[in-house]
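# Secondary and tertiary structure notes
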Amino acid sequence: MSGEKETQGLAHSNLLDAKLGSIKSAGVRSLKWVVIVLALLFVVSGSWYKVDQTERGNVRRFGVAQYIKPVQPGIHFKLPFVDEVDRIQVSLKTLHIPPFEVTTVDNQKVTIDENFNYTIPEDKVYHVMYEIGRSGNTDIESQVIPVVRDRTGRIFAGQNMASVNPNRQQIQAEIEKAVSQSVEELFGIQPHSLQIAGIIPSAAFMASNEEAVKAKNAAVAAENTKRTKQFEADQIVIRAKGDADSAIEAARGRSQSVLLESQANKTRQVLEGEGLEARLAAEIRPFGSADKYIEYLKAKAALNWNGQQPQVVAGNGSSTNLVVPIPAPVR
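Small disclaimer: the values here were computed from a predicted structure and weren't measured. (Residues numbered from 1 in each chain as written. Predicted model: local features only at pLDDT ≥ 70, side-chain atom pairs only at ≥ 80, totals over all residues. Heavy atoms only, no water.)

Before going further, it helps to spend a moment on the pairing of strand 6 (residues 93-103). Of the strand pairs in this sheet, strand 6 and strand 7 (residues 109-119) are connected by 9 bridges, and their pairing is antiparallel. Residue Lys93 lies in a different strand from strand 7, and its bridge partner there is Tyr118. Hairpin connection from strand 6 to strand 7: 5 residues lie between these consecutive antiparallel strands, with Asn107 at a positive phi of about 65 degrees. (Pairing = 2+ DSSP bridges. Helix = DSSP H or I, 4+ residues; strand = E, 2+ residues; numbered from the N terminus.)

Printed below as a string of structure tokens:
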């Protein structure tokens, strides 16, 4: 019995070992297939590349560019592990020029901040990628920045600090022209525009300019005060002259009024005398002469005499006296 049990145990153990061996063999085979699939996927993924719409590309194989014309946007194939893909942006790009200092003709330091806009033409892609700096587009910006700084410094070297702000538009146009011409000739890129984002004078210039502004403001204030005082004095003179003119005109008016009144009295007296003379003439005219008119008056007076002596006698005794009767007082 014990021998049979040992035989059965040995058979069972061999069976287990066989199963374990079979499992291990299947696992190894599966692992190999997984590795093969992953390797294939890796190879396949390294066999294609993508170029975006805003880019152009090229392929270097063992360091040698494979195409003269740039690779267009889309999906393209390459040799895995051998080919390297270079891409460059051809759409409009803004290159920010880090702030830098320039010196004006009057030896003033100015900090300039600029932006430069450019594109890379289709026929210059190969030139920019492989004939300027290192392969690709990694060096183009580092090549352009020194040129922009240099041309900007040249333009500012001919400017006076006091005229920088008034001439800013003209200065920017001159810098843009100089930079555009240089980068196009040197690198073949297409310039579009350049903007001066900031012109920052030195602290010393700002301090001196502030003092000058204060002095100018003080001078303007003093001049305004002087003008105000002069205006006030002029107003006093004008009022005094007006008062004097008014007094003169008033005196002239009073004098003219007295003269006119005198002339009016004289005219009135003349007119009254002329009227009396005309009335007497009209009364005498029917009698033919003044003597007859007097005789008439005498006769008329005699008719009206009441026997009393006249109260008023006019005449000197050498000629006919004119007797004017005065009514007797009423008793």
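Within the secondary structure, Lys78 is located in the loop between strand 4 (74-77) and strand 5 (83-89). For Lys78, which is buried and forms no salt bridge, the nearest opposite charge comes from Asp83, at a distance of 6.4 Å. (Buried < 20%, exposed > 50% of the residue type's maximum accessible area, 1.4 Å probe, protein only. Lys, Arg positive; Asp, Glu negative; His and termini not counted. Salt bridge = Lys/Arg side-chain N within 4 Å of Asp/Glu carboxyl O.)

Under the defined criterion, the tally for this structure stands at 11 salt bridges. With its nearest N and O atoms 2.5 Å apart, the salt bridge here joins Glu141 to Lys93. Of this pair, Glu141 sits in helix 3 (residues 140-156) while Lys93 sits in strand 6, placing them 48 residues apart in sequence. Three or more residues are tied together by salt bridges with common partners; here these are Arg60, Glu84 and Asp86.

What follows deals with unusual backbone geometry. With a phi close to 55 degrees, Phe62 is a non-glycine residue in the positive phi region. Relative to the helices and strands, Phe62 is located in the loop between strand 2 (55-61) and strand 3 (64-65). Residue classification places Phe62 among the exposed positions, given a relative accessible area of 71%.

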